[in-house]
Amino acid sequence: MELLDKLNWRYAAKAMNGEKVSEDKIERILEASRLAATSSGLQPFEIIVVKNQEIKEKIRPIAWNQSVITDCSHLLIFAAWDTYTEERINYMFDLTNEIRGFKNEGWENYRQMLLSSYPQKDADENFNHAAKQAYIAFAHAIIAAAYEGVDATPLEGFDPAAVDEILNLKEKGLKSAVLLPLGYRKEDEDWLVNLVKVRKPMEDLVTVIE
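Everything numeric here is computed off the predicted structure, so don't read it as measured data.

Cut-offs and rules
Residues numbered from 1 in each chain as written. Predicted model: local features only at pLDDT ≥ 70, side-chain atom pairs only at ≥ 80, totals over all residues. Heavy atoms only, no water. Helix = DSSP H or I, 4+ residues; strand = E, 2+ residues; numbered from the N terminus. Buried < 20%, exposed > 50% of the residue type's maximum accessible area, 1.4 Å probe, protein only. Contact = heavy atoms within 4.5 Å. Areas by Shrake-Rupley, 256 points an atom, 1.4 Å probe, with all protein chains shown as cover. Pairing = 2+ DSSP bridges. Axes fitted to C-alpha atoms, helices over the stretch in contact; angles between N-to-C directions. Polar contact = N/O pair within 3.5 Å; in protein donor to acceptor, adjacent residues only side chain to side chain.

This part takes up the overall build of the chain. Scanning the chain from terminus to terminus reveals nine helices and four strands. Sequence-ordered secondary structure for the chain, helices as α and strands as β, is α-α-β-α-α-β-α-α-α-β-α-β-α. The buried share of the chain, taken over its 210 residues, is 42%. Look at the contacts in the chain between residues 6 or more apart in sequence, and 82% of them connect residues 24 or more apart. In the form shown here, the chain has an accessible surface area of approximately 12200 Å², with 53% of it arising from carbon and sulfur atoms.

Bringing the sheet that holds strand β4 (residues 174-183) into the picture now. Within the open sheet, the four strands sit side by side as β1-β2-β4-β3. Their pairing is antiparallel. For this open sheet the edge positions go to β1 (45-50) and β3 (151-152), each flanked by a neighbour on one side alone. Across two bridges, the pairing between β3 and β4 is antiparallel. Each bridged residue has a counterpart across the sheet, and for alanine 152 the counterpart in β4 is leucine 182. Packed on one face of the sheet, helix α7 (residues 123-147) meets β1, β2 (74-81), β3 and β4 and runs near 10° to β4.

All right, on to the pairing of β2 then. Moving residue by residue along a regular strand, the side chains alternate between the two faces of the sheet. For β2, a buried count of eight out of eight residues is recorded, marking the element as mostly surrounded by other parts of the structure. Pairing geometry for β2 and β4, over eight bridges, is antiparallel. Looking at the pairing, phenylalanine 78 lines up with valine 178 of β4.

Moving on to unusual backbone geometry. Positive phi outside glycine occurs at serine 40, with the angle close to 60°. Residue position: serine 40 is located in the loop between α2 (23-34) and β1. Judged by relative accessible area, which is 19%, serine 40 ranks as buried. Here glutamine 43, not a glycine, exhibits a phi torsion of approximately 45°, which is positive.

The next point concerns the side chain of threonine 153. Tracing the backbone through its elements, the reader meets threonine 153 in the loop between β3 and α8 (160-166). Assessed through its relative accessible area of 2%, threonine 153 is described here as buried. In this structure the side chain of threonine 153 is engaged in a polar contact, spanning 2.7 Å, whose partner is the backbone oxygen of alanine 13. For threonine 153, the residues in contact, after removing those within four places along its chain, are Ala12, Ala13, Met16, Val68, Leu179, Leu180 and Pro181.

Right, here's the structure in full:
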C-alpha cells in the first residue's frame, strides 16, 4: 500500500518553497521516466532538466506567470521529436541489437515496417504521436516523484513555441510537450494543500467485462 499512500499524498502543488531536491532523487525520477513504455520502444522524446534560475525566469512569463516555475528546484521539460525519421528509428533498432548482442529476423522486419510508415507521415501527426509517448514518461516522473516525497506540478499552461525558442529545441528537432516543476510545497501559500483529494469513485471510472 505504500505507493498508493504516496499517490494519495501527492497533489499539484501551487506554491513551492525553493528548497533543492537532492540529485539522487532527481536521478531516480529521471530513471523512472527512462524506463517508461513507449510505442515500438522508440522513446521519441528527450527530457530537458532546467536548474538554471535565469532560464526559469525567462519561462515563467510564458507559463501563465506560475510561481512554481521559478520556485521549483528542477524544471523538467518533456520535449517530443518534431517528426519520425529513418535516422531516429534506425538508432533505436541498432541500439537494441547492440545491447542484446544479436539480430532477430522478426525484429528487423518490424524495423522495415516502421521505416516504410512513420517517415512518410505528416510531421504534425508524427509529433502528436511522439508527444503521447512523452506523456507516458511524464506520468512515470509524477509517480516516482511522489514515491520520493517530492512535489510535482504538471503544467500544460505555457507557450510551447516560446519555450522551444528559449531552449533552442527546434535545432534539436524537438518540440516541448509538457512541463513538470519538481520541488517542495510551500504550505502557507498554497490554497490547495489542505483540500481533500477528489477523484471519481471506482464504479464510475472502471467497467469490468467478464
